[in-house]
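# Structure at a glance
So the chains spell out like this:
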Amino acid sequence: MTTGITQPTAIGVLRLPERILFGDGSFASVSVEASRLGRNVLLVCDPFLLNSPELDAILRDLAALSVKVTVESGVIPELPLEHVQKLIDSHRHSVPDAVVAVGGGSAIDLGKLIALGLSHNGALNDWYGENAIPFPVLPVVAVPTTAGTGSEVTGVAVLTDPGRDLKVGISSPYLIPRVAIVDPLLAVGAPASVTAASGADALVHAVEAHTAAVRSSDWSAQLPVFVGQNLLSSPLAIEAIRLIVPNLPRAVRDGNDLDARRAMARGSLLAGMAFGSAGTHLSHAIQYPVGALTHTPHGLGTGLLLPFVLDAVLPTCIPQLEQIAEVLDVRESTAEASARAAIDTIARVFSEIGLPADLRSIGVDDKDVSRIVELSLTVKRLVSNSTHPPTSELIEGIVRAALDGDRARPVSYGTTDQNRIHA
Ligand SMILES: NC(=O)c1ccc[n+]([C@@H]2O[C@H](COP(=O)([O-])OP(=O)(O)OC[C@H]3O[C@@H](n4cnc5c(N)ncnc54)[C@H](O)[C@@H]3O)[C@@H](O)[C@H]2O)c1
Ligand SMILES: [Fe+2]
């Protein structure tokens, strides 16, 4: 199917930390990297690491390097605004030179938000949305223990504001950590449910970065944080997909499978590097209201939704899906059949790792559909990254198909395109 829309010329954009260190044992470099940034460090530490040998090692090594450390382990899931603001205020007096954040995506996002809050006297809601931070923030050393959100390399932090219906994102290149240290061994103890949800999210990041719209750019203006699928992000996304698809089920089945953990850590890092500039799209936009309604983990929702999103946008991104089929070695005789085989393979991975098959089983009901559609469409930076114009009919079709776990359900595209597809 042709869209009749002239594609903009392809561009390339990557924004990354100054240093990315990857490998078994790279955790040992945290103290040296932190000491390069100053003599006074705030260590945001995931609570699961309290009283662990890893935390002891950092504290010992920083002391040996004459770096003063304050430990903050108040990581509350979903990062409520009031709590984050309270932590910022409580650390203002200590004037750290840098923030080190060790933990899951929530701990790393908290570290970024504290670095932002300590860099200025404003309130966090001054910086909601895209490119609203006008200045650099304290440097952050980010060390993920899940694979993962990719937050260690992205300019995004997410929190919950009770005054808003959805989780809010603060997105700015200034939020990209200065250093990312990815040690696959840190994720070895993560429970299967955390491995599944965070690993599903990593796969969604890679697939959505590669299937995002190609957008035109005005080089003389400030670029959006998410620029769309691009020449530099897609090779990273493709490699991430190649790594994650076979290794996610292995890591969920056996958390001590070190090769699977290594592949997942590398895959989620590459996926973060890709989506940090390309962005994600409809699974993420729809997960925001679904997550708010059901209080289910972010990656569980994005993973559950992805096959339904891809079925719906398939006619507008066949070449990208065909490339995914190629890297997964599931090519068929036609481009469209290959695209469908790619989606089926991804759906199988999510089913294998135990993600729910439909929205009803996580508590969504028919009466919630219109509100989910309405709220999804408000997440402009994500819906504008869709290859298909994000009509309310399109989003409703995706949500209704996902509600019943019915991938064969026809999707109506709304006023911009009346074609229907049958998966
Ligand atoms: N900033 C970004 O670019 C970005 C991208 C995607 C998601 N996110 C956000 O990240 C959050 C999800 O992060 P997540 O999936 O890493 O989960 P998480 O950080 O919320 O952690 C989930 C649970 O696992 C525990 N945990 C983490 N690592 C562990 C380990 N190695 N061993 C044992 N327990 C461990 C944590 O203590 C927590 O209880 C969401 O709030 C989401 O909005 C941010
Ligand atoms: Fe995500």
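Residues numbered from 1 in each chain as written. Chains lettered and ligands numbered in written order. Predicted model: local features only at pLDDT ≥ 70, side-chain atom pairs only at ≥ 80, totals over all residues. Heavy atoms only, no water.

Glancing now at helix H10 (residues 318–327). Taken together, the buried positions of H10 are occupied by Ile318, Gln320, Leu321, Glu322, Ile324 and Ala325. Residues of H10 that are buried in the fold lie against helix H5 (192–210), helix H6 (233–253), helix H9 (298–313) and helix H11 (335–352). Following H10 by one or two positions, Asp329 has its phi on the positive side, about 65 degrees. (Buried < 20%, exposed > 50% of the residue type's maximum accessible area, 1.4 Å probe, protein only. Helix = DSSP H or I, 4+ residues; strand = E, 2+ residues; numbered from the N terminus. Contact = heavy atoms within 4.5 Å.)

As a further point, take the coordination of the iron ion (ligand 2). Ideal values differ by geometry: the angle at a metal is 109.5 degrees with four tetrahedral donors, but 90 or 180 degrees with six octahedral donors. Binding of the iron ion (ligand 2) to the protein goes through Asp201 (OD), Asp201 (OD), His205 (NE2), His284 (NE2) and His298 (NE2), at separations of 2.2 to 2.5 Å. Going along the chain, you hit the donors of the iron ion (ligand 2) in the pattern D-x3-H-x78-H-x13-H. On the criterion of sequence distance, the pair formed by His205 in helix H5 and His298 in helix H9 is long-range, its members being 93 residues apart. Of the residues examined, His205 reaches a relative accessible area of 3% and is grouped as buried. Using a relative accessible area of 27% as the deciding quantity, one classes His298 as partly exposed. (Donors = N, O, S within 2.8 Å, 3.2 Å for Na, K, Ca; no water.)

So, about the domain arrangement of the protein chain. If you check the domain split of the protein chain, you get domain 1 (26–182) and domain 2 (192–421). With centres defined by C-alpha atoms, the gap from domain 1 to domain 2 works out at 27 Å. Facing the 19 residues of domain 1 at the interface are 27 residues of domain 2. Between the two partners, domain 1 and domain 2, sit zero salt bridges. The tally of links between domain 1 and domain 2 comes to six residue pairs in polar contact (both at pLDDT 80 or more). Contributing elements (two or more residues each) for the side of domain 1 that touches domain 2: strand S7 (156–160) and strand S8 (167–171). For the side of domain 1 that touches domain 2, the class distribution of residues is seven nonpolar, eight polar and four charged. (Domains from an automatic or database assignment. Salt bridge = Lys/Arg side-chain N within 4 Å of Asp/Glu carboxyl O. Polar contact = N/O pair within 3.5 Å; in protein donor to acceptor, adjacent residues only side chain to side chain. Nonpolar A, V, L, I, M, F, W, Y, C, P; charged D, E, K, R; others polar.)

Ordered by their spatial adjacency, six strands build an open sheet running S1-S9-S6-S4-S2-S3, and the pairing between neighbours is parallel. Only two strands of the sheet have a single neighbouring strand rather than two, namely strand S1 (19–22) and strand S3 (68–72). Each adjacent strand pair in this sheet contributes to an overall mean axis angle of 15 degrees, direction not counted. The pairing of S1 with strand S9 (residues 179–182) spans four bridges and is parallel. Looking across to S9, one finds that Phe22 is bridged to Val182. Docked against the sheet, helix H2 (residues 53–64) engages strand S2 (40–45), S3 and strand S4 (98–103), running at close to 180 degrees with respect to S2. (Pairing = 2+ DSSP bridges. Axes fitted to C-alpha atoms, helices over the stretch in contact; angles between N-to-C directions.)

With respect to the helices and strands, the residue Ser66 is situated in the loop between H2 and S3. Residue classification places Ser66 among the exposed residues on the basis of a relative accessible area of 55%. Considering only alpha carbons, one finds Ser66 and Arg39, 27 residues apart in sequence, at a separation of 7.0 Å.

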